[in-house]
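Residue-level listing of the chains:
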Amino acid sequence: QQQVKQSPQSLIVQKGGISIINCAYENTAFDYFPWYQQFPGKGPALLIAIRPDVSEKKEGRFTISFNKSAKQFSLHIMDSQPGDSATYFCAASITSGTYKYIFGTGTRLKVLA
Amino acid sequence: NAGVMQNPRHLVRRRGQEARLRCSPMKGHSHVYWYRQLPEEGLKFMVYLQKENIIDESGMPKERFSAEFPKEGPSILRIQQVVRGDSAAYFCASFPSREAWFNYGYTFGSGTRLTVV
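Bear in mind the structure is a predicted one, so any value in this text is a computation, not a measurement.

Definitions and limits used
Residues numbered from 1 in each chain as written. Chains lettered and ligands numbered in written order. Predicted model: local features only at pLDDT ≥ 70, side-chain atom pairs only at ≥ 80, totals over all residues. Heavy atoms only, no water. Core = buried A, V, L, I, M, F, W, Y, C linked by side-chain atoms within 4.5 Å. Buried < 20%, exposed > 50% of the residue type's maximum accessible area, 1.4 Å probe, protein only. Helix = DSSP H or I, 4+ residues; strand = E, 2+ residues; numbered from the N terminus. Contact = heavy atoms within 4.5 Å. Disulfide = S-S within 2.5 Å. Pairing = 2+ DSSP bridges. Axes fitted to C-alpha atoms, helices over the stretch in contact; angles between N-to-C directions. Polar contact = N/O pair within 3.5 Å; in protein donor to acceptor, adjacent residues only side chain to side chain.

### Regarding the nonpolar core
Piece 1. V4, F33, W35, F73, L75 and Y88 of chain A are the most contacted members of the largest nonpolar core, which totals 24 residues.
Piece 2. Those elements that provide at least two residues to this core are β2 (10–14), β3 (19–25), β4 (33–38), β5 (45–50), β7 (62–67), β8 (72–77), β9 (86–92) and β11 (107–112) of chain A.
Piece 3. Ranked by residue count, the leading element in this core is β9 of chain A, at 4 residues.
Piece 4. Among residues more than four places away in sequence, those in contact with L75 of chain A are S19, I20, I21, W35, L47, I48, F62, T63, I64 and Y88 of chain A.
Piece 5. Among the nonpolar cores identified, the runner-up in size contains 23 residues, and M26, V32, F65 and A88 of chain B belong to it.

### Quick look at the state of the cysteines
Piece 1. Enumeration according to the criterion identifies 2 disulfides over all chains in this entry.
Piece 2. Each sulfur in the disulfide pair C23 of chain A and C90 of chain A lies 1.9 Å from the other. Between C23 of chain A and C90 of chain A the disulfide shows an S-S torsion of about -95 degrees. By sign, it is left-handed. Taken together, the residues span a long stretch of sequence, with C23 of chain A in strand β3 and C90 of chain A in strand β9 at a distance of 67 residues.
Piece 3. Under the relative-accessibility criterion, C90 of chain A is labelled buried at 0%.
Piece 4. Residue pairing for C23 of chain B: its cysteine sulfur links by disulfide to C92 of chain B, the two sulfurs lying 1.8 Å apart. Disulfide C23 of chain B-C92 of chain B: the torsion about the S-S bond is -55 degrees, which places it as left-handed. With C23 of chain B in strand β3 (residues 19–24) and C92 of chain B in strand β9 (residues 88–95), this pair connects stretches of sequence that are 69 residues apart. Exposure class is identical for C23 of chain B and C92 of chain B. Each is buried.

### Description of the sheet that holds β8 of chain A
In a beta sheet, neighbouring strands pair by backbone hydrogen bonds and run either parallel or antiparallel.
All names here are of chain A.
Piece 1. Ordered in space as β1-β3-β8-β7-β6, the 5 strands form an open sheet in which the pairing is antiparallel. Of all strands in the sheet, those with a lone pairing partner are β1 (4–7) and β6 (56–59), marking the two edges. Neighbour-to-neighbour, the strand axes of the sheet open up by a mean angle of 15 degrees, direction not taken into account.
Piece 2. As judged from the 6 bridges shared by β7 and β8, these two strands associate in the antiparallel manner. From the neighbouring strand, S65 faces β8, where its bridge partner is S74.

### A closer look at the sheet that holds β3 of chain B
Residue and element names in this part refer to chain B.
Piece 1. Spatially, β1-β3-β8-β7 is the arrangement adopted by the 4 strands of the open sheet, whose pairing is antiparallel. Of all the strands in the sheet, just β1 (5–7) and β7 (65–68) have a single pairing partner and so form its edges. Across this sheet, the average inter-strand angle for adjacent strands is 15 degrees, counted without regard to direction.
Piece 2. Relative to strand β8 (residues 75–79), β7 is paired through 4 bridges, and the arrangement is antiparallel. Paired with F65 across the strands is I79, a residue of β8.

### Concerning the side chain of S80 of chain A
Residues and elements named next belong to chain A.
Piece 1. Along the chain, S80 turns up in the loop between β8 and β9.
Piece 2. Relative accessible area serves as the criterion here: at 0%, S80 is assigned to the buried category.
Piece 3. A distance of 2.8 Å separates polar atoms of two side chains, one belonging to S80 and the other to S19.
Piece 4. Reaching out from S80, the side chain makes a polar contact with the backbone oxygen of I77 at a distance of 3.2 Å.

Listed below in C-alpha cells is the structure:
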C-alpha cells in the first residue's frame, strides 16, 4: 500500500527525443506527487510536482501527466538533452501528514548526443 | 546560504564500530529529514526531526539507529555497531515551512556514503 512502483529502471534516448518515465501507486491517501532529479554524487533536487486536482502540469520541457482513476503518473521530458542524463525519482506524499515522501526506485536516464 | 551541509562525505567503518553522520540544514530551516539510499534503490524515509524533537521515526530501524537535532548544532544520525548491510548513502533534507515544502520540496544535502568493511 505504501509502495510507489517506477518504470523503466533505465532508459536511453537520443538527443531531441522524448523521455517517458512512469509511476504507479496504491494508497489513495497520497495527494502530492513530486519528481526529483539526481546527478551522480549529489542529493536529489525537486524538478516538478503535481496535486491530483489537475491532470497535467508543464514546466519548460518537463511535463507531469496524472491519471487519478488509474493511480498512475508520468514524467515526460521533451527535446531531451545530454545534460538531462541523471537518475529520476518519482515520489508520493500525504499533505496532511509529516511531509515524508515514498520514493520510487528510480530511473537512470542517458541521453545520447 | 551554503545549502544543506553533510559531513563527512565518505565514511568507512569496520563492523562493530559506531558511525556518526552530521547534517547542518539551511539557515532558517527547522524541519530536518534523514533518508537512506541503498545501492540501485530509491530513498527510504528514516526520521523527521524539528529542533529538539523527533516528530516521526517510523522509518528508523528499531535497534542501533538514533537521531537528534539539538537546539544548537547540527542534526546527528548515529549508527551503533555497524554491519555490512548499513552500507548506503544517507541523505539529509530540510525545509523552512509547509508552504515552502509545497512549492520547492526539500533541499537535500549531497549525502554521506557509508561503507562498512
